[in-house]
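# Topology and contacts: notes
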Amino acid sequence: MSGLSCGIVGLPNVGKSTLFNALTSGAAEAANFPFCTIEPNEGIVQVPDKRLAILSGLSGSAALVPASLKFVDIAGLVEGASKGLGLGNEFLKHIANTDAIIHMVRCFEDPDVIHVTGSVDPIRDIETIKTELILADLQSIEKSLERVEKQAKTKKELVPVVALLQKIKQTLENNLPVSSLEFNAEEEELLKPYPFLTKKKVLYVTNVSEKDLPGMTNPLVEKVKAYAAKEGNTVIPICAKIEEEIAQLPKEERGEFLESLGLEESGLDRLIKGAFAMLGLITFLTTGQMETRAWTIKKGTNAHLAAGKIHTDIQKGFVRAEVIAYDDFVGNNGRNGAKEKGKLRSEGKEYIVKDGDVILFLHH
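Residues numbered from 1 in each chain as written. Predicted model: local features only at pLDDT ≥ 70, side-chain atom pairs only at ≥ 80, totals over all residues. Heavy atoms only, no water.

### Re the nonpolar core
L19, L23, L69, F71, I102, Y204 and V224 are the most contacted members of the largest nonpolar core, which has 71 residues in total. Not counting chain neighbours up to four residues away, the residues in contact with I102 comprise C6, G7, I8, V9, F71, L203, V205 and L271. Within the second largest apolar cluster, 19 residues are counted, among which are I134, V162, L181 and L191. (Core = buried A, V, L, I, M, F, W, Y, C linked by side-chain atoms within 4.5 Å. Buried < 20%, exposed > 50% of the residue type's maximum accessible area, 1.4 Å probe, protein only. Contact = heavy atoms within 4.5 Å.)

Structure representation (structure tokens):
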């Protein structure tokens, strides 16, 4: 599951590489001209989780292993990207390989930072990229339809696929994203081979200036929030410049710096948590002397499948799961205390794992 990834997209010069550098404390080239990111940079980011250190203290663990997410910094898209302008089609391919999109928009005025179109207007910028993604989806659906229609003449089971693709094509032609359609479980299955860009969930990151701290809002951010609300998407405002400064500080000084700015947690922590929530992910925990580890699963996963995240042998030989809720584990000073208080439950294969469950899988 560590393969989960979010692609960071946006027009050139909105702060994507600055954000990516801060996220991964990497060194993606951030320069004041379009197209300084050509190959997508990838970085694995740990998901902040205070529970791990607490569990580790109770279990005397030798190691701590947090959950992680992959972020991909995709070069600035421009109008006409779907026709190959800028570095067009290449980037669109990189987006197809990610699970969700983090769409970064510029919500600050600064005469020293060039804007591709000469003025700051986040809604126009969002629409520009959205249109490029819609056009890219249209191109790929036209190719797919042509192929599937031919095959459906002899393979009757493909007839529903044709109907579904035609419905999607019509939606895209009306300049609407694939995400504006509702699909049932059967249709979702049929769509698996087609990674439509506009079907992916979007998290908007509004990049604000230092003077917007600590509230992180301004009239431009409010416009983006209203726009995202209509789509059912989330907005996380951050100041990429400050995030980059935080990332360069030693860990022990970061809290103090945030406090001096009137902030409770870094924008990156909010962004990582937001991405996790958007992808419908939760974390279950395992703890012992060797290690305390966070495991990432989709919300709604049962104990049998969760066991497979640790090892396929555990899934195959599954006997039962001993489950203690995190608060009960901590409140009773560890596994033995929780067990004495009757807080340990034995669950079977079909048990739906909850966020923060501390689990010990028993297997043959």
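Back to the text.
### Some points on the sheet that holds strand β6 (residues 201–207)
Sheet architecture is open: six strands sit in the order β2-β4-β1-β5-β6-β7, paired in mixed fashion. If you trace the sheet from one side to the other, it starts and ends with β2 (41–46) and β7 (234–238), each paired once. Here the strands of the sheet are splayed against their neighbours by 25 degrees on average, with no regard to which way each runs. As paired elements, strand β1 (residues 5–9) and strand β5 (residues 100–106) share four bridges and run parallel to each other. Paired with G7 across the strands is I101, a residue of β5. In this fold helix α1 (residues 16–24) packs onto β1, β2, β4 (68–73), β5 and β7, with an angle of close to 40 degrees to the strand it touches most, β2. The strands touched by helix α10 (residues 267–278) are β1, β2, β4, β5, β6 and β7; relative to β6, the strand with the most contacts, the crossing angle is about 165 degrees. (Pairing = 2+ DSSP bridges. Helix = DSSP H or I, 4+ residues; strand = E, 2+ residues; numbered from the N terminus. Axes fitted to C-alpha atoms, helices over the stretch in contact; angles between N-to-C directions.)

### Some details on helix α8 (residues 240–248)
Of the positions making up α8, those classed as buried are A240, I242, E243, I246 and A247. Taken down its axis, α8 places every buried residue within 155 degrees of arc, on the same side. Structural note: α8 exposes K241 and Q248 on the side pointing more than 90 degrees away from its buried face. Along its buried surface, α8 packs onto α1, β5, β6, β7, α9 (251–260) and α10. (Arc of directions from axis to C-beta.)

### Quick notes on the pattern of salt bridges
Tallying each qualifying case throughout the model produces 14 salt bridges. The residue R124 makes a salt bridge to D125 at a minimum N-O spacing of 3.2 Å. For R124, a relative accessible area of 26% puts it in the partly exposed group. With its nearest N and O atoms 2.9 Å apart, the salt bridge here joins E265 to K273. Residue classification places K273 among the partly exposed residues on the basis of a relative accessible area of 40%. Connected through shared salt-bridge partners, D49, R51 and D355 make up one network. (Salt bridge = Lys/Arg side-chain N within 4 Å of Asp/Glu carboxyl O.)

### Quick notes on the packing of helix α4 (residues 122–152) against helix α5 (residues 159–173)
Close contact between α4 and α5 brings their axes to 9 Å; oriented N to C, the two are set at 155 degrees. As far as their axial angle goes, α5 and α4 are roughly antiparallel. Two packed elements cross with a definite hand, and for α4 against α5 that hand is left-handed. For the pair α4 and α5, contact is made by I134, D137, L138, I141, E142, S144, L145, V148, E149 and A152 and by V159, V161, V162, L165, Q166, I168, K169, L172 and E173, respectively. (Parallel < 35°, antiparallel > 145°, perpendicular 65-115°, else oblique. Left-handed = near helix turned anticlockwise from the far one by under 90°.)

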